[in-house]
Amino acid sequence: LEGIDTGAIDIAVMVDPEPRQSLVLEPLVTEQEYLVGAVHARLPPEPCRVGDLAGLPMILLPRPAGSRVKLDRMAAEADVTLDVTHEVANVDVVKDFIERGLGYGILPFSSIRPGLAEGRYRAVPLDGLTITRTLVRRADRTPTPAVAELMRLVHDKIDQMIKSGGFGAVTE
């Protein structure tokens, strides 16, 4: 958010940003998070619940990633201790570690869709865990015509991805 706060950037697409009076938040799409394992990994049956993660070696994004904060909150509420063996700040590295059988990850459908189609890993939805991709801009600035056009293009692209199934089954 620093770039938005300082005015260095005009808009950003973020996952579950914390609301602030200084920001305008426009939810774009909400998508399901999945427990992802290697092709040979043993996955719990659907519906997978946070309690099913106990004892699994987890490869997770670091805090303050929106999905990580929500997952940690869910685990604490369920009195489940997550065995985080790797914290990785890059989704592609998380997927690589999963493919190598180093553990399990929690990722949204849009991040795993190609790998699922190619048979590189398997996944089950994690009940109760979703992320919302949100368009963020400063509240004290009226978007210039160029920024307004960019915002329109972002909305159009997200709509195209929803229609093509890029986010899986989405929640409106």
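Here, the structure is the one placed above.
First things first, this report covers the structure right here in the doc. Just so it is clear, the model here is predicted, and its values are computed rather than measured. (Residues numbered from 1 in each chain as written. Predicted model: local features only at pLDDT ≥ 70, side-chain atom pairs only at ≥ 80, totals over all residues. Heavy atoms only, no water.)

Observations regarding the sheet that holds strand E2 (residues 23–38)
Line of reasoning, step 1. Read across the open sheet, the six strands follow the order E1-E6-E2-E5-E3-E4; overall the sheet is mixed. This sheet does not close on itself; its edge strands, each paired only once, are strand E1 (11–15) and strand E4 (83–87). Each strand axis lies, on average, 30° off the axis of its neighbour in the sheet, ignoring direction.
Line of reasoning, step 2. Against the sheet, helix H2 (residues 66–77) engages E1, E2, strand E3 (57–60), E4, strand E5 (104–108) and strand E6 (121–138), with an angle of about 125° to E6.
Line of reasoning, step 3. Along the sheet, helix H3 (residues 91–99) makes contact with E2, E3, E4, E5 and E6, crossing E5 at roughly 140°. (Pairing = 2+ DSSP bridges. Helix = DSSP H or I, 4+ residues; strand = E, 2+ residues; numbered from the N terminus. Axes fitted to C-alpha atoms, helices over the stretch in contact; angles between N-to-C directions. Contact = heavy atoms within 4.5 Å.)

Notes on the pairing of E5
Line of reasoning, step 1. Most of E5 is tucked away, with five of its five residues classed as buried.
Line of reasoning, step 2. Alternating residues of E5 divide into Tyr 104, Ile 106 and Pro 108 and Gly 105 and Leu 107, and every residue in both groups is buried.
Line of reasoning, step 3. Sheet topology note: the E2/E5 ladder contains four bridges and is antiparallel. Note on E5: the bridge partner recorded for Val 36 is Gly 105. (Buried < 20%, exposed > 50% of the residue type's maximum accessible area, 1.4 Å probe, protein only.)

Section: the layout of surface pockets
Line of reasoning, step 1. In this model, the largest pocket occupies a volume close to 230 Å³.
Line of reasoning, step 2. What lines the largest pocket is Val 15, Asp 16, Pro 17, Glu 18, Pro 19, Pro 64, Ala 65, Gly 66, Val 69, Lys 70 and Arg 73.
Line of reasoning, step 3. Looking at the lining of the largest pocket, the element that brings in the most residues is H2, giving four residues.
Line of reasoning, step 4. Of the residues belonging to the lining of the largest pocket, the class tally is six nonpolar, one polar and four charged. (1 Å grid on protein atoms, 1.4 Å probe; cavity = no way out; pocket = protein on both sides within 12 Å on 5 of 7 lines; lining within 4 Å. Points joined across faces, edges and corners; volume = space filled by probe spheres on them. Nonpolar A, V, L, I, M, F, W, Y, C, P; charged D, E, K, R; others polar.)

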